[in-house]
Amino acid sequence: MDSKTWTLIVVVAIVAAAVLGLAVALLVRLVRTRRELRRAGLPTGPRWIFWGAVVYLVLPTDLLPDPVYLDDIGVLLLALKSLRAAPRPLPARDRSAD
């Protein structure tokens, strides 16, 4: 193989590693967000959204081949957005000011 082919292979490998790193970072953020919401006693939305996103990331069958983690990142972002959009209780009013 010539040097152009090797350069292309290296660039593709670096991009794939960066996208995989982003997917793992989003997975960690999703798990931390769910844990923080549960500790605070706030609803986290349906459990299937969280577990579905985790399983989708891990399973080898995807909409796009696994070297391209864009679909996995999209699923993780949607799950993170749904957790953050869960209804939050209203803050308690300070009745001493009345």
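As shown above, the structure is provided for reference.
No experiment lies behind these values; they were computed from the predicted model shown.

Reading the values: the criteria
- Residues numbered from 1 in each chain as written.
- Predicted model: local features only at pLDDT ≥ 70, side-chain atom pairs only at ≥ 80, totals over all residues.
- Heavy atoms only, no water.
- Helix = DSSP H or I, 4+ residues; strand = E, 2+ residues; numbered from the N terminus.
- Buried < 20%, exposed > 50% of the residue type's maximum accessible area, 1.4 Å probe, protein only.
- Contact = heavy atoms within 4.5 Å.
- Areas by Shrake-Rupley, 256 points an atom, 1.4 Å probe, with all protein chains shown as cover.
- Expected span 1.5 Å × (residues − 1).
- Arc of directions from axis to C-beta.
- Axes fitted to C-alpha atoms, helices over the stretch in contact; angles between N-to-C directions.
- Parallel < 35°, antiparallel > 145°, perpendicular 65-115°, else oblique.
- Left-handed = near helix turned anticlockwise from the far one by under 90°.
- Nonpolar A, V, L, I, M, F, W, Y, C, P; charged D, E, K, R; others polar.

Visitor: Pulling in residues and values, what's your account of the overall build of the protein?
Guide: Counting its secondary structure elements, the protein contains 3 helices and 0 strands. Taking all 98 residues of the protein together, 24% fall into the buried category. By sequence separation, contacts in the protein at least 24 residues apart represent 57% of the contacts at least 6 residues apart. Here the protein has roughly 7,300 Å² of accessible surface; of this, 69% comes from carbon and sulfur atoms.

Visitor: Outline helix α2 (residues 47-58), listing residues and values.
Guide: Helix length check: α2 (12 residues) gives 17 Å between terminal C-alpha atoms against 16 Å at 1.5 Å per residue, within 8%. Within α2, the full set of buried residues consists of F50, A53, V54, Y56 and L57. All buried residues of α2 lie within an arc of 165° about the axis, which places them on one face of the element. Seen from the buried face of α2, the exposed residues on the opposite side, beyond 90 degrees, are R47, W48 and V58. Where the residues of α2 are buried, they touch α1 (3-39) and α3 (70-84).

Visitor: Please provide a residue-by-residue account of the environment of V58, values included.
Guide: Mapped onto the fold, V58 is located in helix α2. Take V58: its relative accessible area is 62%, and that puts it in the exposed class. Distance in space between the C-alpha atoms of V58 and D72 is 9.0 Å, their sequence separation being 14 residues.

Visitor: Please give an account of the packing of α1 against α2 that cites residues and values.
Guide: At a minimum axis distance of 11 Å, the contact between α1 and α2 shows a crossing angle of 160°. Classed by the angle they form, the pair α1 and α2 counts as roughly antiparallel. Between α1 and α2 the crossing geometry is left-handed. In contact with A23, L27, L30, V31, R34 and R38 of α1, α2 contributes R47, F50, W51, A53, V54 and L57. Among the residues forming the contact of α1 with α2, the class breakdown is 9 nonpolar, no polar and 3 charged.

Visitor: Please provide a residue-by-residue account of the environment of P46, values included.
Guide: Relative to the elements of secondary structure, P46 occurs in the loop between α1 and α2. Note on P46: relative accessible area 40%, which makes it partly exposed. Separated by 37 residues in the primary sequence, P46 and L83 place their C-alpha atoms 8.7 Å from one another.

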